[in-house]
Amino acid sequence: MTLRDDAVLVLKGYEDQPELRDAYLAHLAEHEGGMYKPCTAGHLTSSALVIDPSRGRVLLTLHKKLKMWLQMGGHCEPGDPTVEAAALREATEESGIAGLTLLPGGPVRLDRHPIPAPCHWHLDVQYAALAPAGAEAEISEESLDLRWFAYDEVAGVADTSVVLLLERTLARLAA
C-alpha cells in the first residue's frame, strides 16, 4: 500500500468535516503527486498537537518561516508508510521528545490553509500526540522557539486552527 492509498483510506474513514474531507479526496483523485511538496496545486501535510494531559499543557513551536505558534507537523516524505507515521515523525523531530504516542481514533481534524507560491495549499491531516511522563522538549532547527502552554493560554498565542485542534483533542480525551 502506498502513502497515497493510506491517505485515501484514512480520509474515507474520517467522519467529521465532510466537505473538507471530500475536497481532500478529490485533490488526491485529481493529482497523482498530491501527497508531496512538488504538487503546485497543493499537497497533504501531516501534523500532531503534542499534549501533556497530566499537566494540562500543550507544546507549540514558533514556526521559523511563518512566525506563528503552531502544532508540530509538515510535509509527508516518500519513506513515510502512513499519514499517521508522518505525523508522529514530524512531532518527534520538531519536539525532540522520544516516546510520543498518537491519540487513538485517527485524525482529530482537518485544516486546509493557503501557503505562498509556487504551491498554493496545505491540506493538513491533524492528529494529537501524547507526551510521556516527564517529557523534556528540545528545540529543532525548524523552530524559533518551543514552549509548553497551559490549555487556557493557547487562544492567546495561536490562531484559530490550533485552538480548534486543541478543543477537539480535549473532547476526544474526555470521551
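As a convention, each chain's residues are numbered from 1 in the sequence order in which they are written. It should be noted that, the model being predicted, local features are given only for residues of pLDDT at least 70 and side-chain atom pairs only at 80 or more, the latter also being counted only at that level, while totals for whole chains, interfaces and linings use all residues. Hydrogens and waters are ignored; side-chain quantities use all the structure's heavy atoms.

Mind laying out the packing of aromatic side chains, listing which residues take part and the relevant values?
Under the pairing criterion, centres of Phe, Tyr and Trp rings, with the six-membered ring standing for Trp, must be within 6.5 Å; the plane angle then separates stacked pairs below 30 degrees from edge-to-face pairs above 60, leaving the rest tilted. This model, assessed by the stated rule, comprises one aromatic pair. Arranged with centres 5.0 Å apart and planes meeting at 75°, the rings of Trp69 and Phe149 form a pair that is edge-to-face. Of this pair, Trp69 sits in strand β3 (residues 69-70) while Phe149 sits in strand β8 (residues 143-150); the two residues are 80 residues apart in sequence, bridging distant segments of the chain. Taken as a pair, Trp69 and Phe149 share a single burial class, namely buried. A helix here means a DSSP run of H or I that spans at least four residues, while a strand means a run of E at least two residues long, and both kinds are numbered starting from the N terminus. Think of it in three bands: with a 1.4 Å probe and only protein chains considered, a residue is buried below 20% of the maximum accessible area for its type, exposed above 50%, and partly exposed in between.

Describe in detail unusual backbone geometry, supporting the description with residues and values.
Here Gln17, not a glycine, exhibits a phi torsion of approximately 45°, which is positive. Note on placement: Gln17 falls in the loop between α1 (3-13) and α2 (18-30). Its identity as a non-glycine residue notwithstanding, Lys67 has a phi of 55°, on the positive side. Relative to the assigned elements, Lys67 resides in the loop between β2 (57-63) and β3.

Any details on α1? Residues and values, ideally.
Among the residues making up α1, those that are buried are Leu3, Arg4, Asp6, Ala7, Val10 and Leu11. Projected onto a plane normal to the axis of α1, the buried residues spread over an arc of 155° and lie on a single side. Turned more than 90 degrees off the buried face of α1, the exposed positions are Leu9, Lys12 and Gly13. Contacts are assigned to residue pairs that have any heavy atoms within 4.5 Å of one another. Against α2, β1 (43-52), α3 (83-95), β6 (109-114) and β7 (121-130) lie the buried residues of α1. For this quantity, the arc is that covered by the directions from the helix axis to the C-beta atoms.

Just give me the short version of the pattern of salt bridges, but keep the residues and values in it.
Where charged atoms of side chains with opposite charge meet at close range, the side chains can pair. Here, a salt bridge means any side-chain nitrogen of Lys or Arg that lies within 4 Å of a carboxyl oxygen of Asp or Glu. Under the defined criterion, the tally for this structure stands at eight salt bridges. Of the charged contacts in the structure, one is a salt bridge between Glu77 and Arg89, with a shortest N-O distance of 3.3 Å. Highlighted residues: Glu77 in the loop between β4 (72-75) and α3 and Arg89 in helix α3, separated in sequence by twelve residues. For Glu77, a relative accessible area of 36% corresponds to the partly exposed category. Since its relative accessible area comes to 16%, Arg89 is described here as buried. A salt bridge links Asp145 to Arg147; the shortest N-O distance between them is 2.7 Å. By relative accessible area, which is 23% here, Asp145 ends up partly exposed. Classification of Arg147 as partly exposed rests on a relative accessible area of 39%. Taken together, the shared-partner salt bridges in this structure form one network comprising Glu77, Asp80, Arg89, Glu90 and Glu93.

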